[in-house]
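# Residue-level structural notes
Listed below are the residues making up each chain.
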Amino acid sequence: MADTILTSACQCGQVRCQAIGRPILSGVCYCDDCQAGAELLEALDGAAPVGEKDGGTHYLTYRDDRFCCVEGSDLLLPYENSPDAPTRRMVASCCNTALFLKFSKGHWTSAYARRFKGDVPPVEMRTQTQFRNSSLPLPEDAPSYRTFGPKLFWRLITSRIAMIFG
């Protein structure tokens with residue numbers, strides 16, 4: 001999958017992003033920040049859905065050197081849950097489509113899985129389920145963690161090392 005290129009786009013097609021290779025993780029997050037961010041973005045005029053039916057947000061997380069905006073980057077606007085938030089959710093201003101989230105202290109970008117075309121990797125884990133507010137049953141398609149699972153940290157560490165050495 002190292003040569004696989006997945007593309008994502010806004011609703012009107014003016015902004016396109018691409019991701020190269022296997023993501024660090026294909027995961028669903030239920031943290032307060034992701035739930036609040038989804039609510040904020042979905043309230044924009046004409047916005048496409050961001051969250052899943054059970055309140056989680058499915059992300060494909062890529063190293064920064066393997067994810068980029070290839071068209072329409074001048075149309076991207078950052079949205080933050082609060083002025084001191086460590087995350088910026090990038091939205092195509094042309095049609096209010098949320099495309100990705102950038103964590104300022106990390107070497108990764110988490111792109112909304114709903115925006116990708118083609119074979120999106122299946123969910124590998126569900127994190128921060130302690131904040132989940134849904135009455136729907138928790139899907140059993142992947143391991144679930146009340147906090148951030150150790151596998152997530154391991155993958156972030158090994159991806160950083162891979163970025164440094166190659």
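Please read these numbers as outputs of a predicted model, since none were measured by experiment. (Residues numbered from 1 in each chain as written. Predicted model: local features only at pLDDT ≥ 70, side-chain atom pairs only at ≥ 80, totals over all residues. Heavy atoms only, no water.)

### Side note on the confidence of the model for the chain
Detailed reading of predicted coordinates is not advised where the pLDDT is low. Residues at a pLDDT of 70 or more form 99% of the chain, whose mean pLDDT is 94. The least confident element of the chain, judged by mean pLDDT, is helix α2 (residues 150–165) at 89; the most confident is strand β5 (residues 67–71) at 98. (pLDDT = per-residue confidence, 0-100. Helix = DSSP H or I, 4+ residues; strand = E, 2+ residues; numbered from the N terminus.)

### Description of the pattern of salt bridges
The tally for this structure, following the rule as stated, stands at eight salt bridges. Here R114 ties to E52 by a salt bridge, and the two come within 3.5 Å at their closest N and O atoms. Within this pair, whereas R114 is found in the loop between β9 (108–112) and β10 (125–127), its partner E52 is found in the loop between α1 (32–42) and β4 (57–63), the two being separated by 62 residues in sequence. What makes R114 partly exposed here is its relative accessible area of 37%. (Salt bridge = Lys/Arg side-chain N within 4 Å of Asp/Glu carboxyl O. Buried < 20%, exposed > 50% of the residue type's maximum accessible area, 1.4 Å probe, protein only.)

### A few points about the nonpolar core
Residues Y62, F67, L99, F100 and F116 are the most contacted members of the largest nonpolar core, which totals 17 residues. Mapped onto this core, the elements with two or more residues apiece are β2 (16–20), β4, β7 (87–92) and β8 (97–103). Once you skip the residues sitting within four places of it in the chain, Y62 turns out to touch L6, A19, I20, G21, R22, P23, I24, F67, H107, W108, T109 and F116. In this structure, V50, Y59, L101 and Y112 belong to the second largest nonpolar core, which totals 12 residues. (Core = buried A, V, L, I, M, F, W, Y, C linked by side-chain atoms within 4.5 Å. Contact = heavy atoms within 4.5 Å.)

### Details of the sheet that holds β2
Pairing within the open sheet is antiparallel, and its three strands lie in the order β1-β2-β5. With one partner strand each, in any of the chains shown, β1 (5–9) and β5 form the two edges of the open sheet. Averaged over neighbouring strand pairs, the angle between their axes works out to 30° when direction is ignored. Relative to β2, β1 runs antiparallel, the two sharing five bridges. Paired with L6 across the bridge in β2 is A19. (Pairing = 2+ DSSP bridges. Axes fitted to C-alpha atoms, helices over the stretch in contact; angles between N-to-C directions.)

### Here we look at α2
Along its 16 residues, α2 runs 23 Å from first to last C-alpha, staying within 8% of the 22 Å computed at 1.5 Å per residue. Along α2, the positions that sit buried rather than exposed are L152, L156 and S159. Projected onto a plane normal to the axis of α2, the buried residues spread over an arc of 70° and lie on a single side. Away from its buried face, by an angle of more than 90 degrees, α2 presents the exposed residues P150, W154, I164 and F165. (Expected span 1.5 Å × (residues − 1). Arc of directions from axis to C-beta.)

### Quick notes on the layout of surface pockets
Computed from the structure, the largest pocket encloses a volume of approximately 450 Å³. Forming the boundary of the largest pocket are 20 residues, of which C29, W108, S110, F148 and L152 lie nearest the centre. Listing elements by their share of the lining of the largest pocket, those giving two or more residues are β3 (25–29), α1, β4, β8, β9 and α2. If one sorts the elements of the lining of the largest pocket by residue count, β3 sits on top with four residues. Classifying every residue of the lining of the largest pocket gives 14 nonpolar, five polar and one charged. (1 Å grid on protein atoms, 1.4 Å probe; cavity = no way out; pocket = protein on both sides within 12 Å on 5 of 7 lines; lining within 4 Å. Points joined across faces, edges and corners; volume = space filled by probe spheres on them. Nonpolar A, V, L, I, M, F, W, Y, C, P; charged D, E, K, R; others polar.)

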